Amino acid sequence: MIPDWGAERQHMVDRQLRRRGIRSARVLNAMLTIPREEFVPVESRVCSYRDEPVQIGYGQTISQPYMIALMAELLELTGTETVLEVGGGSGYHAAVLGVLAARVISLELIPALARQAQQNLLRTGRASNIQVVCGDGSQGWREGAAYDGISVAAGAPAVPPALVEQLKDPGRLVIPVGARADQELRVIVKSGGRLEERVATGCRFVPLRGDGGWR
Ligand code: SAH
C-alpha cells in the first residue's frame, strides 16, 4: 500500500513542529510544501516523516524535521534573502529554505550527494532558485558572498571565521558547534557592526569536514 504522504506530512507538522513550539506560519507552510519522501532513498522512504534523522548514504543523514524547522525559523527569513547552506546532503533542507528565501546556495562536500541533491531538486520542481555547489563549505563560498543567512547542517568544532566574514550586516548564522558527538545550536546575529551570539538548543549533527571542520 502506498502511504498517504500528504497526511503524514500534515501529521509531522502538527505533532512534531507545532506542538514543540515552531510558530512561524512561513516555516510551517514550507515544511508542508516540500515532499520529504522525495529526498529520502527509496529503501528508507517509509521513515520519511518519523521524528528522527534518516540515513541518506555515505554515513550522512537528513536532520530530524523539527531541527530543520527550528533552524529555518531562527534565520527569520522574509522571502527577499540570499542564503548559504553548508552541508547540502539530500537537498531537502535547501528545498525548505528555497520556499522561505529568494535564493539558496547549497554547498556539499561529497560529489555523489551533490549530484543526488541536484536531481532531487529538479525532480520536485524546486531547483529554480537553488544552486548546488560541490565543495568545502567550512570556508563558505566567496563567489556568492555576502549572505543574509547562513545555515550549517553539520557539527563544527568552532565557528569558522570565513562564515562570519561572509555574513551581511544585518545577517544571521545558525550553526551546531561543540564536540564530535553532540553540539549546541548557536545563533550568531551580525547587526550594526556587532556580533551577538546565543545558544538555541542542544543537538547532534554529523561532523563538519574540511578546513574549518574536523580532520
Ligand atoms: N541538510 C542535509 C543533511 C545534512 S547531513 C539534508 O537536508 O539532507 C550533513 C552534510 O554535510 C553531509 O552531506 C556531509 O557530506 C556534508 N558536509 C560535511 N562537511 C562539509 C563541508 N565542509 N562542506 C560541505 N558539506 C559538508
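Structure: see above.
Here the structure is a predicted model, which means the values were calculated and not measured.

Thoughts on the layout of surface pockets
By volume, the largest pocket amounts to about 530 Å³. Along its surface, the largest pocket is lined by 35 residues, and Gln60, Gly87, Ala153, Ala154 and Val206 are the ones closest to its centre. Of all the elements in the fold, those that place two or more residues in the lining of the largest pocket are β2 (60-62), α3 (65-75), β3 (82-86), α4 (92-100) and β4 (103-108). Element by element, the count of residues in the lining of the largest pocket is highest for β2, at three residues. If you trace the second largest pocket, you find 13 residues lining it, with Phe39, Val40, Pro41, Gln116 and Asn120 closest to the centre. Ranked by residue count, the leading element in the lining of the second largest pocket is helix α5 (residues 111-123), at four residues.

A word on the pattern of salt bridges
Taken as a whole and judged by the stated rule, the model has ten salt bridges. A salt bridge links Glu38 to Arg123; the shortest N-O distance between them is 3.1 Å. Of the two residues, Glu38 sits in the loop between α2 (25-33) and β1 (54-57) while Arg123 sits in helix α5, which places them 85 residues apart along the sequence. Residue Glu38 is classed as partly exposed on the basis of its relative accessible area of 26%. Residue Arg123 is classed as partly exposed on the basis of its relative accessible area of 47%. Salt bridges sharing partners connect three or more residues here, namely Glu184, Arg186 and Glu197.

Conventions we followed
Residues numbered from 1 in each chain as written. Predicted model: local features only at pLDDT ≥ 70, side-chain atom pairs only at ≥ 80, totals over all residues. Heavy atoms only, no water. 1 Å grid on protein atoms, 1.4 Å probe; cavity = no way out; pocket = protein on both sides within 12 Å on 5 of 7 lines; lining within 4 Å. Points joined across faces, edges and corners; volume = space filled by probe spheres on them. Helix = DSSP H or I, 4+ residues; strand = E, 2+ residues; numbered from the N terminus. Salt bridge = Lys/Arg side-chain N within 4 Å of Asp/Glu carboxyl O. Buried < 20%, exposed > 50% of the residue type's maximum accessible area, 1.4 Å probe, protein only.

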